[in-house]
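Below, each chain spelled out in residue letters.
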Amino acid sequence: GAGVSQSPSNKVTEKGKDVELRCDPISGHTALYWYRQRLGQGLEFLIYFQGNSAPDKSGLPSDRFSAERTGESVSTLTIQRTQQEDSAVYLCASSLALRKGEQYFGPGTRLTVT
Amino acid sequence: GQQVMQIPQYQHVQEGEDFTTYCNSSTTLSNIQWYKQRPGGHPVFLIQLVKSGEVKKQKRLTFQFGEAKKNSSLHITATQTTDVGTYFCAGGGDSNYQLIWGAGTKLIIKP
């Protein structure tokens, strides 16, 4: 079936505005991850969802960041009052297994805050 | 917290030369995964190692997991232009699900 999809692929927003990023995981994948990747940098873990369990939000950098997931389907990452330092590629990944299984990444959303 | 150190940050090679990247953890890892990210692309899973001392090969790529399960390496023999990209290791730590990501090694082929 289809891989992980993310939308939009690119988003340019003004400082102070809110943005919402969407991730559609692979059907049947119970685990979903959000990462941030700044230009030329590694992956920064943001949040993890597993089924209907409470998400692990330990990686969210501030209370301006939040994420939701409905069951084992779509997830949205919301950034409120965006700042220039939020500019990055936001990657979503999904996984079959709970225990550190192979992660399948979406193409990412490139966010630019002007 | 747990960290995985990956070196070098960059490696410039002539096409046909070999390339190696190393990952080290201060704590024992349950497993190690390797991903490749092409320029402008997203990480793509290459392989997972689970057993102590495990060695796996994929064509010109050789992956090793140390005896103590604290380090790992990826070696590419006779690099080609298609190998260009950033290689990330990601280790399974204490938590049930979270991978601990290395910072990546960027493979650059000299013109």
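Residues numbered from 1 in each chain as written. Chains lettered and ligands numbered in written order. Predicted model: local features only at pLDDT ≥ 70, side-chain atom pairs only at ≥ 80, totals over all residues. Heavy atoms only, no water.

Student: Where do I start with the overall build of chain B in this structure?
Tutor: Scanning chain B from terminus to terminus reveals 0 helices and 11 strands. With the C-alpha coordinates of chain B rotated into their principal frame, the extents come out at 40 × 25 × 20 Å. Expressed as a percentage of the 111 residues in chain B, the buried residues total 46%. A fraction of 52% describes how many contacts in chain B between residues 6 or more apart in sequence connect residues 24 or more apart. (Helix = DSSP H or I, 4+ residues; strand = E, 2+ residues; numbered from the N terminus. Buried < 20%, exposed > 50% of the residue type's maximum accessible area, 1.4 Å probe, protein only. Contact = heavy atoms within 4.5 Å.)

Student: Hey, could you run me through the sheet that holds strand 6 (residues 65-69) of chain A in this one?
Tutor: Backbone hydrogen bonds are what pair the strands of a sheet, in a parallel or an antiparallel way. All names here are of chain A. On the basis of which strands lie adjacent, the open sheet formed by 4 strands has the order 1-3-7-6 and antiparallel pairing. With partners counted over all chains shown, the strands left at the sheet margins are strand 1 (5-7) and strand 6, one partner each. Ignoring which end each strand starts from, the neighbouring axes of this sheet average 15 degrees apart. Bridge count between strand 1 and strand 3 (residues 19-24): 3 bridges; the pairing is antiparallel. (Pairing = 2+ DSSP bridges. Axes fitted to C-alpha atoms, helices over the stretch in contact; angles between N-to-C directions.)

Student: Help me understand unusual backbone geometry, please; the structure alone is not making it clear to me.
Tutor: Most of the time, phi is negative for any residue but glycine, and the peptide bond is trans. A cis geometry characterises the amide bond from A:S7 onward to A:P8, with omega recorded as -10 degrees. Inspection of the secondary structure puts A:P8 in the loop between strand 1 and strand 2 (10-13). You will see that B:K59, though not glycine, has its phi angle at about 55 degrees, which is positive. Mapped onto the secondary structure, B:K59 falls in the loop between strand 6 (55-58) and strand 7 (61-65). Classification of B:K59 as exposed rests on a relative accessible area of 87%. A positive phi angle, near 50 degrees, is found at B:A78, a position not held by glycine. The topology assignment puts B:A78 in the loop between strand 8 (71-76) and strand 9 (85-92). Since its relative accessible area comes to 31%, B:A78 is described here as partly exposed.

Student: Would you take a moment to explain the packing of aromatic side chains for this structure?
Tutor: The geometry of an aromatic ring pair comes down to the distance between the two centres and the angle between the two planes. Within this structure, the stated rule accounts for 12 aromatic pairs over all chains. Ring pairing ties together the aromatic residues A:Y33, A:Y35, A:F45, A:Y48, A:F105, B:Y35, B:F45, B:F88 and B:W101, which thus form one cluster. (Phe/Tyr/Trp six-rings, centres within 6.5 Å; stacked < 30°, edge-to-face > 60°.)

Student: Hey, could you run me through the environment of B:F63 in this one?
Tutor: All names here are of chain B. Inspection of the secondary structure assignment puts F63 in strand 7. Separated by 14 residues in the primary sequence, F63 and T77 have C-alpha atoms spaced 12 Å apart. Apart from residues no more than four positions distant in its own chain, F63 is found in contact with W34, L46, I47, L49, E54, V55, K56, Q58, S73 and L74.

Geometric descriptors of this kind do not, in isolation, establish any biological role.
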